[in-house]
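What follows is the residue order along each chain.
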Amino acid sequence: MFNISNETAWCPGCGNFGILEALKNALESLDLAPHKVVISSGIGQAAKTPQYISVNMYNGLHGRSLPAGIAIKLANKDLTVIVESGDGCSYGEGGNHFIHAVRRNLDITHIVHNNQIYGLTKGQASPTTSRMQKTELQFDGVQLRPLNPISLALGLGAGFVARCFSGDKTHLALVIAEAIKFKGYALVDILQPCPSFNRVNTFKWYKDRIYYLPEDYDPSELSKARVLADEWSDQIPLGIIYKSQSIEYISENPILNNNPPIVDLSHNPADTARFMDDFR
Amino acid sequence: MDYNILIGGAAGQGMDTLGHMLSKALKNLGFYVFLHKDYMSRIRGGHNFVKIRFSDHPISSHADKLTLIIALNFETAQIHSAALAESGKIIAVEDAEKVNGEYSSVIINLPVKDIIQKTGNRKVVGTSALSCALKLFGLPITALVEQAEELFEGQTLEANKIAAEEGYNSCDTIFNIKLPQPWDSIFINGNESIALGALAAGCKFYSAYPMTPATSIMTYLSKKSKEANVLVEQAEDEIAAINMALGASYVGVRAMTGSSGGGFALMVEGVSLAGITETPIVIAISQRPGPATGFPTRTEQGDLGFVIHSGHGEFPRMVIALRHPEDAFYQTVRAFNIADKYQIPVFLLTDQYLADYTTTVKPFDFSKVNIERYLMNDVPDGTYKRYAITESGISPRIIPGGNHGQIVTLDSDEHDESGYITESAQVRIDMVNKRFKKIESLFDELIEPDYIGCDNPKILLICWGSTYGPVKEAILALNADRHSIGALIFGDIYPLPTKALVRLATTAQQIVNLEQNATGQLADLVKQQAMIACDHSLLKYDGRQWSKDEIIDSLKKEVL
C-alpha cells in the first residue's frame with residue numbers, strides 16, 4: 001500500500017534502503033491509510049525517503065522539517081506526522097528546532113538517519129562525526145566533540161528515546177511502530193553506514209559494537225537511560241532506551257483538545273465582528 | 001476646532017495608560033482622535049511621549065503645534081515647550097516646582113501635594129492632570145471617570161475618582177468648544193486592524209517571534225485565540241515561524257506570520273520555499289529603521305526593495321503597502337484571498353507609525369468580507385497531481401488527508417507535476433513558466449493608488465503606505481490655499497499599478513517622491529516599472545514620521 005515506483009537516488013549499500021523498508025512495514029503494521037500520513041523531511045539523502053513512499057510528502061528546507069511537521073500536526077491532529085531527515089539536517093542546521101520540539105512534546109515521530117557524515121554534499125563532518133576523524137573538509141580531523149543525540153534528548157526531557165541500526169530492519173520496524181504509537185514527541189536515532197563517505201563507521205564497525213537491550217529492560221528509569229546514553233566506543237545499546245508518558249501538547253491545549261482538527265473548523269466572518277467591541 | 005495634547009515623561013511613568021484614558025474619553029464624546037506614540041527602546045527612563053490630537057472633523061495625522069503639555073517630568077517641558085501654540089499651556093505632574101518655576105507664564109497649576117495627600121496615592125496625579133485638561137476644554141468629567149471605571153477597581157479606582165475631581169476643580173475653562181455629535185467609532189491602531197482582518201479572513205494559525213513593531217499583531221491574536229479558535233504560536237526563531245506557517249498552510253489552514261526587517265531577514269529562505277512549493281501565505285512586515293538593529297521603536301519605509309526581492313530564485317509574489325487602519329483591515333482580508341487564489345506569498349507592508357498610531361475609525365464592515373479558498377472539492381479519479389499544468393498556471397489544490405486515496409506531495413527541489421524531484425531541463429522550464437503564468441490575471445485585479453488633490457495637478461507627489469494620513473491633510477490644506485498639487489498614494493505596490501500614474505504624469509510639471517527612507521525606493525520602482533523619473537525627492541530618515549505640518553513646510557520650501 002505504501003509502495004511507489006519512483007527510482008531511488010541512493011548509493012548501493014546505503015543504510016537508507018533498510019530504513020525505507022522498515023518504515024513501510026511499520027506503517028503497514030499499524031494499518032494506517034496513506035492519505036492520513038504525512039512525512040515532513042528536510043534536505044539530504046535521508047530526506048529523500050518520502051519520495052519513495054506513498055504518503056503525503058512535505059519535502060521542505062534543510063533543517064526545517066520539525067517546524068513544518070509540528071505545524072502540520074497542530075493544523076490537523078488527525079494526521080500521523082513523521083519528521084524524517086539526516087543527522088546534519090536534524091542536529092545541525094535544525095538544532096534549535098530539535099531543542100524546542102522536545103520542549104513542546106507534540107505527538108509526532110522524529111526519525112533521524114544518523115550516518116555521522118554529510119552525504120549529499122559529499123563528505124563533510126556532521127554534528128555526530130567522531131572527533132579527529134578526517135573528512136572531505138576537515139583534512140586534519142574534526143576538532144569538535146560529537147553531539148550525543150540520546151543524552152541531549154534525555155537532558156531536554158524527551159519522553160521516548162530510541163536508537164536503532166539500519167541493518168536490522170525487523171527491529172527497526174518494531175521500534176518505529178512503537179514510536180508512532182507513543183503519545184508525544186518520539187525520537188528514533190538510526191545508525192547507518194555511508195559507504196560513500198564514512199570510512200570509519202562502516203557496517204562492520206556498527207556490527208562489532210551494537211547490542212540489544214534485554215527483554216526485561218525497563219525503559220521508564222531515567223537514571224539507567226542516562227548511563228546507556230553514554231555508552232559508545234566499545235558498545236552501543238539498541239532499542240527503546242527511555243519511554244515515559246508525560247503531558248502531550250494537544251491534550252493540554254484547549255483549542256486543540258476541545259475541537260475537531262483546526263482545518264475542519266468552519267468560519268463565518270460575521271462571527272468575528274464582535275471583536276470590534278474591544279475597540280469601542 | 002483642532003487641538004493637540006502631549007503627555008511626556010520617562011518610560012515607566014504611565015503615559016500609555018494616561019494617553020489611552022484621555023483618548024477614549026475624547027472619542028466617546030464624539031471627537032475624531034489621533035493618538036501618536038514616540039518611544040525609546042527601553043523599559044524605564046529615557047524620554048517617551050504621546051500626542052493626542054482631537055477635532056470635530058476627520059483628521060489623519062499627528063500635528064506639531066501643541067495646545068497643552070502634560071509633563072510627567074521636567075525634561076518633557078524642556079524638550080517640548082518650544083512647540084507650544086500661542087495660547088498653549090503646561091500642566092506639571094511631577095517635578096512641579098521646577099516646571100512651574102521655569103515655565104510660569106504658561107503653567108496651569110495642579111495642586112499636586114494636595115492631591116497626593118487626599119488620595120494617599122502618588123500615582124493618580126496623572127489622572128488629575130487629565131481631568132484638568134478636560135476642564136480646560138469645557139468637557140465633562142464623566143467621560144474620564146468612565147475610563148477609570150473600565151481600567152481600575154477597589155481602592156485604586158476610588159483614588160482615581162478623587163484625583164479626577166480634584167484636578168477638574170483646580171482650573172477654569174479657557175478653550176470653548178462645542179460638543180460634537182457622538183458617532184459609533186472604534187479606536188484602533190494599524191496592527192490591531194491587521195489582526196482583526198486576519199480573524200475576519202479566517203486565519204487560524206499565526207506563528208511569529210516577538211519583534212517591535214510587529215509583536216502587537218501576535219499579542220492581540222493571542223488574547224483572542226480561545227474565543228476565535230486561532231492557534232497562536234510563539235516560535236523559537238523567525239525561521240521556525242515562517243516554516244510553521246507554511247506547514248499549516250500546506251494542510252489547508254489559513255496561516256500568517258509577521259516580523260520587522262531583521263526578523264524577516266531570517267524568514268527569507270522560507271519565502272523562497274513558499275514560491276517554489278506554491279504554498280499560500282500572508283506575511284506582515286512592520287518596518288522600522290535599519291540596518292541591523294537600527295532604531296527598534298521608530299519608523300521608516302526602508303524595506304520596500306528588500307521585500308519585493310526577498311527570497312533567492314525567481315517566483316511571483318504580491319506586495320501591498322498598508323496606508324491607514326481601515327486599509328489595513330480590508331487589505332489583510334484581501335491578501336488571504338489573493339494568496340489562496342494564486343498560491344503565492346502576499347506581503348503586507350506597514351511600519352511603526354501605522355502599527356502604533358491609534359485613531360477613530362468607522363467600524364469595519366464585516367459584511368464586505370468574502371472568503372474565497374480556491375480549494376478543489378471533487379477530485380477526479382486517478383492520481384492527484386499537486387502541480388498539474390493548467391491553462392491559467394494555477395494548479396487545483398486539495399487538502400492532505402481530506403480525500404481517501406489521494407496524497408499531496410510537495411518538494412522544495414524543482415519538481416514535476418506530481419511534486420517529486422526532477423533534474424529535467426524541460427520540466428524545469430515548464431514549471432518556471434507555469435509559476436509566472438499564474439499571476440497574469442493578477443494584473444487585472446490590481447487596485448490603482450488613491451489620488452488626493454485637484455484635477456490636473458502641476459505638482460504630482462507619489463508616496464506609499466503610512467505617509468497617506470499626513471500627506472492627505474497636507475494636500476487638502478495646500479489645495480485650499482490654491483496650490484495645484486495632488487498625491488498618488490500606493491497601496492498595491494508590487495506588481496505596480498501604473499495607469500493612474502501614467503495618466504497624471506503626462507500633465508504634471510513636476511513629479512516628486514515623498515518617502516521615509518534615504519534612497520527613494522518608490523522612485524526606483526516607478527522608474528523600473530513605468531519608466532517615469534521623479535524630478536525631486538523628499539526623503540526623511542530620522543526615524544520620525546512627517547507630520548502634515550512638516551510636509552507642507554517641506555513642499556513650500558523645496559517644491560512649490
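Our subject in this report is the structure included herewith.

Rules and cut-offs
Residues numbered from 1 in each chain as written. Chains lettered and ligands numbered in written order. Predicted model: local features only at pLDDT ≥ 70, side-chain atom pairs only at ≥ 80, totals over all residues. Heavy atoms only, no water. Helix = DSSP H or I, 4+ residues; strand = E, 2+ residues; numbered from the N terminus. Rg over C-alpha atoms; globule rule 2.2 N^0.38 Å. Buried < 20%, exposed > 50% of the residue type's maximum accessible area, 1.4 Å probe, protein only. Contact = heavy atoms within 4.5 Å. Areas by Shrake-Rupley, 256 points an atom, 1.4 Å probe, with all protein chains shown as cover. Lys, Arg positive; Asp, Glu negative; His and termini not counted. Charge placed at Lys NZ, Arg CZ, Asp CG, Glu CD. Pairing = 2+ DSSP bridges. Axes fitted to C-alpha atoms, helices over the stretch in contact; angles between N-to-C directions. Disulfide = S-S within 2.5 Å.

**Concerning the overall build of chain A**
Part 1 of the argument: Along the backbone of chain A there are 10 helices and 8 strands.
Part 2 of the argument: Over its C-alpha trace chain A gives a radius of gyration of 20 Å, about what one expects of a compact globule, namely 19 Å for 280 residues.
Part 3 of the argument: Here the C-alpha coordinates of chain A stretch approximately 70 × 45 × 40 Å along the principal axes.
Part 4 of the argument: Here chain A holds 280 residues, and 59% of them are scored as buried.
Part 5 of the argument: Residue pairs in contact within chain A that sit at least 24 positions apart in sequence constitute 69% of those at least 6 positions apart.
Part 6 of the argument: Taken as a whole, chain A presents about 11200 Å² of accessible surface, with 51% of it coming from carbon and sulfur.
Part 7 of the argument: On chain A, the mean spot of the 25 positive side-chain charges and the mean spot of the 28 negative ones are 4 Å from each other.

**Points about the side chain of B:Ser131**
All names here are of chain B.
Part 1 of the argument: Relative to the helices and strands, Ser131 resides in helix H5 (residues 125–136).
Part 2 of the argument: Owing to a relative accessible area of 0%, Ser131 belongs among the buried residues under this scheme.
Part 3 of the argument: With residues near it in sequence (within four places) discarded, Ser131 still touches Ile141, Leu144, Ala163, Ala164, Gly167 and Tyr168.

**A few points about unusual backbone geometry**
All names here are of chain B.
Part 1 of the argument: In the segment running from Gly290 into Pro291, the intervening peptide bond is cis, with an omega of -10 degrees.
Part 2 of the argument: Locating Pro291 in the fold gives a position in the loop between strand S11 (281–287) and helix H12 (304–309).
Part 3 of the argument: Note that the residue after Tyr494, namely Pro495, is joined by a cis bond; omega there is -5 degrees.
Part 4 of the argument: Mapped onto the elements of the fold, Pro495 is located in the loop between strand S19 (492–494) and helix H18 (499–507).
Part 5 of the argument: Positive phi outside glycine occurs at Gln343, with the angle close to 55 degrees.

**A few points about the sheet that holds strand S3 (residues 45–55) of chain B**
Residues and elements named next belong to chain B.
Part 1 of the argument: Taken together, 8 strands build an open sheet; the order of strands is S6-S5-S4-S1-S3-S2-S14-S7 and the sheet is mixed. The two strands at the open ends of the sheet, each matched to only one other strand, are strand S6 (107–108) and strand S7 (186–189).
Part 2 of the argument: Packing of helix H1 (residues 15–28) onto the sheet brings it into contact with strand S1 (2–11), strand S2 (32–38), S3, S7 and strand S14 (358–361), and relative to S3 it is tilted by some 5 degrees.

**Regarding the state of the cysteines**
All names here are of chain B.
Part 1 of the argument: For the structure shown, the criterion picks out 0 disulfides over all chains.
Part 2 of the argument: As a non-bridged cysteine, Cys454 has Cys463 as the owner of its nearest cysteine sulfur, 14 Å distant.
Part 3 of the argument: In this structure Cys454 comes out as partly exposed when scored by relative accessible area, which is 23%.

**Some remarks on the sheet that holds strand S18 (residues 485–490) of chain B**
Residues and elements named next belong to chain B.
Part 1 of the argument: Read across the sheet, 5 strands follow the order S16-S18-S17-S20-S21 without closing on themselves; strand pairing throughout is mixed. Two strands bound the open sheet, and with one partner strand each, they are strand S16 (450–453) and strand S21 (536–539). In this sheet, adjacent strand axes meet at a mean angle of 20 degrees when their direction is disregarded.
Part 2 of the argument: Looking at chain direction, strand S17 (residues 459–464) and strand S20 (residues 510–515) are connected through 4 bridges and run parallel. The residue of S20 that forms the bridge with Ile459 is Gln510.

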